[in-house]
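Spelled out from the first residue to the last, the chains are:
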Amino acid sequence: MTTSSSNELELTIGNLPSKVIGHEEAFKNIATRTNRFRPILSVKKVSKSFGVAGKRIQAIKDIDLVINPGELVSLVGPSGCGKSTLLNIIAGLEKPDFGEILGNQINEKVQSVFTERLLIFQEASLFPWLTVYDNVAYGLKIRKFTKEKCRLMVEKYLALVQLSQFMEACIHQLSGGMKQRVALARALVLEPELLLMDEPFTALDVQTRQDMYRLLLKIREETGITILFITHNVEEALLLSNRIVVMRSRPGQIKREFTVGAGYPRAMEHSGLKQLRLEIVKEFIEAGDVGDIQGGSPHEQVY
Amino acid sequence: MLEISRGGLLMNKFTRRLLFYLGMIGLWSLVVAVKIWPEYIFPSPWGVLSSFTDGIRDYTFINGTLISLKRIAIGYGISVLFGMLLGFAIGRIGILEETVGSVLVGLQTLPSVCWLPLSILWFGLNEKAIIFVVIMGALLAITISTDSGVKQIPPIYIKAGRNMGAKGMTLLTTILLPAALPAIIAGLKQGWSFAWRSLMAGELLYVSLGLGQLLMMGRELNDMNRVIAVMLVLILIGVTFDRLIFTKLEAAIRERCGLGNN
C-alpha cells in the first residue's frame, strides 16, 4: 500500500517486526538532563471541572498516570472524555483543581517550567506571519540562543523532519502533513523532556498519516524522546505506542491500561495487535462509550 | 504572451484615464468660455493653475502643508501609541472590556469635530485645541480596531506561544501584535482619515495657519482660484497617504500572512 517510500524511511507497514525499540535503546539520545531512573511525568490525583452554562461539569477526575523515559504512551478515549483537558494541564496551560503534576527533575524550580513539556496540536498552530525557519527558531529566540546556535539547531531538526529545502517557505505554501512536520520540528528543537501530541494526525489523509507514523517512529528512535499521544483512533494507538491508556468519559477517568509488546514496524494484521484491538474496543462497547472511536467495530477489517 | 497583453491593457488604462482628465479639463474650459457664471464663482483651469504655482512659489502652500502635517503627526502619533495600547489592554483584560470598552463604543458615535467646543474651553484658541480634536478623531478608531483584532486572534497561537515559553511583553510583541496586525493596519488607515478630517475641521474654524486657514483665507478674499488650488493640495496629500502608504502596507501584510490571492 505504500509505494512512495523512496527515502530512508523504509519501514513499510505490512512487514513484520524487524527491529524492536527497547527502553535501553531509546535512552541513548535523551537530553543529558533527564534522570532516566525517575519518571518523566507523574500525574497524581488530578481533577478539573468547568462551569458550563451555570453548571459544574467534571471534566476529569482523579487521574493517576506515570510516564517513564523513552515511552510512547497513547491516551485513547471518546471525544469529551477530557483527554485534551488533561494534556493542557500537563503542558501547564491550565491549572488542575486538585492534584499535582511532577516532572523528571527533583528540583522544584525546574518542575514549574512547563515548557519542558511541549504540545503539538491537532489544528494548525504554526504562526503564519513567520517563515518555516522563524517558526522553528521561535522558542530558541525566546531562550536567547545565539544566531549561529539557532541556525544549527533549526537546520538539524528541519533535516530530521525532512523539510530542509523549505526553510524559507511561508506557512501557507505548505501542505497539511508538512505543517505538522514543521510543528514537530518546532517542538523537538527545544529538546523537551516530554512531547505531548493532541490528535496531531487526525486532519491528515490516510497516506500522509502513514508517512507521519513512520516519521514519528524514526524520530523517536533517533532522539529517544518520550511521547504522550492522544487519539480517538485505536489503530493509531496500536501502531505507535508501548502502552495504551483507555479513558472513559463523564467524568474523564482512566479505565484500563494495556501494554503493547510488539516491535516496530507494526501492521494491523499482526495477531497480537488484532487481539488487543478487540479488547480495547470491548472496553468502549461495555461502557456504551463508542462515540467517535475509530476502528470501533470488532468485526471490521482494516486493510 | 500573457505579459504582453497585460502590458497592453495597462497602457490602455493609463491612456483612458489621461484622456478622461483631459476631457474634463476641456469641458471645464468650455463652460468657463461660455461665461455662464462670473469667474469669481466658477474659476478657469489656468486661473487655478497659476494660483497653485504662485502658492508653491511663494511657499505659502508649502508652509501651510508643513504646519498641517506637523499637527497631524503629533496628534496621530499620540493616537497610534495610546490607541494601540488601549486596544490591546481592552482586548486582553475582561474587566476593561466591560467598563472602558462600552464607553468607547458610545464615544465613537460622536463626530470628532464635536470635541472642538470642549477643546477650546480647555486649551483656548490655539494649536493644542486642534491637536486634541485630531487625537479624539483617530484614537477611538485605532483602539476599537486593535481591540477587535486582538479578540479575533485564534487562541491556538497564544496557547502555542505560551507553551513555548512566551509571556508578558514577549507574548505581546511576538504573537499578539503580528497576529492582530491586519486589523490594526485597517484601524490605522481609518484613524488617519478621521484625524485628517478633524484637523481640517479644526483649522477651518479659527485662525491657525495651516492648510485649513489658507482655504478660509481664499474665501475671505473671494479668491476662488486659491480655494480650488488649496483643495487640490489637500487631495494630493490624501491620495499620497492613502494610496502610497496604507494600501501598500496592507498589501505587504496580506502577502506575508498568506491572506492574498491563493
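Residues numbered from 1 in each chain as written. Chains lettered and ligands numbered in written order. Predicted model: local features only at pLDDT ≥ 70, side-chain atom pairs only at ≥ 80, totals over all residues.

**Quick look at the overall build of chain B**
No. 1: Along the backbone of chain B there are ten helices and zero strands.
No. 2: The order of α-helices and β-strands along chain B, N terminus first, is α-α-α-α-α-α-α-α-α-α.
No. 3: Taken against the 2.2 N^0.38 rule, which gives 18 Å for 262 residues, the C-alpha radius of gyration of chain B at 23 Å runs more than 25% over that of a compact globule.
No. 4: In terms of principal-axis extent, the alpha carbons of chain B reach across some 75 × 65 × 30 Å. (Helix = DSSP H or I, 4+ residues; strand = E, 2+ residues; numbered from the N terminus. Rg over C-alpha atoms; globule rule 2.2 N^0.38 Å.)

**Side note on the overall build of chain A**
No. 1: A tally of regular secondary structure across chain A gives nine helices and nine strands.
No. 2: Looking at chain A residue by residue over its 303 residues, the buried ones come to 43%.
No. 3: Within chain A, contacts between residues at least 6 apart in sequence are counted, and of these 72% link residues at least 24 apart. (Buried ≥ 20, exposed ≤ 12 C-beta atoms within 10 Å, placed from the backbone. Contact = placed C-beta atoms within 7 Å.)

**Digging into the environment of Ile244 of chain A**
Residues and elements named next belong to chain A.
No. 1: Looking at the element boundaries, Ile244 is found in strand S8 (residues 243-248).
No. 2: The exposure class assigned to Ile244 is buried, which follows from the 24 C-beta atoms found within 10 Å.
No. 3: Sequence spacing of Ile244 and Thr259 is 15 residues, and the spatial spacing of their C-alpha atoms is 6.3 Å.

**Some details on the confidence of the model for chain B**
All names here are of chain B.
No. 1: Residues of chain B with pLDDT of at least 70 account for 93%, and the chain-wide mean is 86.
No. 2: By mean pLDDT, helix H1 (residues 2-34) is the weakest element of chain B at 79, and helix H3 (residues 60-92) is the strongest at 92.
No. 3: For this predicted complex, the interface score ipTM comes out at 0.78, while the overall pTM is 0.77. (pLDDT = per-residue confidence, 0-100.)

**What to know about the sheet that holds strand S6 (residues 194-198) of chain A**
All names here are of chain A.
No. 1: The six strands lie next to each other as S5-S6-S7-S3-S8-S9, forming an open sheet whose pairing is mixed. Two strands lie at the open edges of the sheet, namely strand S5 (117-120) and strand S9 (253-259), each paired on one side alone. With strand direction ignored, the average angle separating the axes of adjacent strands in the sheet is 20°. (Pairing = 2+ DSSP bridges. Axes fitted to C-alpha atoms, helices over the stretch in contact; angles between N-to-C directions.)

**Some words on the pairing of S5 of chain A**
Residues and elements named next belong to chain A.
No. 1: By the alternation rule, side chains of S5 split into Arg117 and Leu119 and Leu118 and Ile120, which are all buried.
No. 2: Bridging between S5 and S6 involves four bridges; their strand directions are parallel. What sits directly across from Leu118, in S6, is Leu195.

**What about the domain arrangement of chain A?**
Residue and element names in this part refer to chain A.
No. 1: For chain A, the assigned domains read domain 1 (1-11 + 26-115 + 198-297) and domain 2 (129-191).
No. 2: In this complex, domain 1 contributes 14 residues to the contact, which on the side of domain 2 involves ten residues.
No. 3: Each residue belonging to the side of domain 1 that touches domain 2 can be placed in one class, and the counts come to eight nonpolar, four polar and two charged. (Domains from an automatic or database assignment. Nonpolar A, V, L, I, M, F, W, Y, C, P; charged D, E, K, R; others polar.)

**Let's talk about unusual backbone geometry**
No. 1: In this model, Glu191 of chain A sits at a positive phi of 45°, which is unusual for a non-glycine residue.
No. 2: Of note, Glu191 of chain A is situated in the loop between helix H6 (176-188) and S6.
No. 3: Positive phi outside glycine occurs at Lys35 of chain B, with the angle close to 55°.
No. 4: Relative to the helices and strands, Lys35 of chain B is located in the loop between H1 and helix H2 (45-57).
No. 5: Using a count of 9 C-beta atoms within 10 Å as the deciding quantity, one classes Lys35 of chain B as exposed.

**Some words on the sheet that holds strand S4 (residues 98-102) of chain A**
All names here are of chain A.
No. 1: Spatial strand order, S2-S1-S4: three strands in an open sheet with antiparallel pairing. The open sheet terminates on both sides in strands that have one partner only, identified here as strand S2 (55-67) and S4. Direction aside, the axes of adjacent strands within the sheet are offset by 25° on average.
No. 2: The sheet contact formed by strand S1 (residues 41-52) and S4 spans four bridges and is antiparallel. By the bridge assignment for S4, Ser47 is matched with Phe98.

**Points about the nonpolar core**
No. 1: Ala185 and Leu196 of chain A together with Val134 and Ala138 of chain B are the most contacted members of the largest nonpolar core, which has 117 residues in total.
No. 2: Considering each element in turn, this core owes the most residues, 15 residues, to helix H6 (residues 127-151) of chain B.
No. 3: Residues in contact with Val134 of chain B, not counting those within four places in the same chain, are Arg71, Ile72, Gly75, Tyr76, Ala195, Ser198 and Leu199 of chain B. (Core = buried A, V, L, I, M, F, W, Y, C linked by C-beta atoms within 7 Å.)

**Let's talk about the domain arrangement of chain B**
No. 1: Looking at chain B, the domain boundaries give domain 1 (1-36) and domain 2 (43-256).
No. 2: With centres defined by C-alpha atoms, the gap from domain 1 of chain B to domain 2 of chain B works out at 33 Å.

**Some remarks on the interface of chain B and chain A**
No. 1: If you look at the interface, chain B gives 16 residues, while chain A gives 19 residues.
No. 2: Listed by contribution, the elements that provide at least two residues to the side of chain B that touches chain A are helix H7 (155-163) and helix H8 (168-205) of chain B.
No. 3: At six residues, H7 of chain B tops the list of elements feeding residues into the side of chain B that touches chain A.
No. 4: Looking at side-chain class alone, the side of chain B that touches chain A contains eight nonpolar, five polar and three charged residues.

**Details of H6 of chain B**
No. 1: Look at H6 of chain B: 36 Å from first C-alpha to last across 25 residues, which is about the 36 Å you get at 1.5 Å a residue.
No. 2: Among the 25 residues of H6 of chain B, 21 are classified as buried, and the element is accordingly described as predominantly covered. (Expected span 1.5 Å × (residues − 1).)

**What about the packing of H3 of chain B against H6 of chain B?**
Residues and elements named next belong to chain B.
No. 1: It is the contact of H3 with H6, at a shortest axis distance of 6 Å, that shows an interaxial angle of 35°. As H3 packs across H6, the resulting crossing turns out to be right-handed.
No. 2: Residue composition of the contact of H3 with H6, by class: 18 nonpolar, eight polar and five charged. (Left-handed = near helix turned anticlockwise from the far one by under 90°.)

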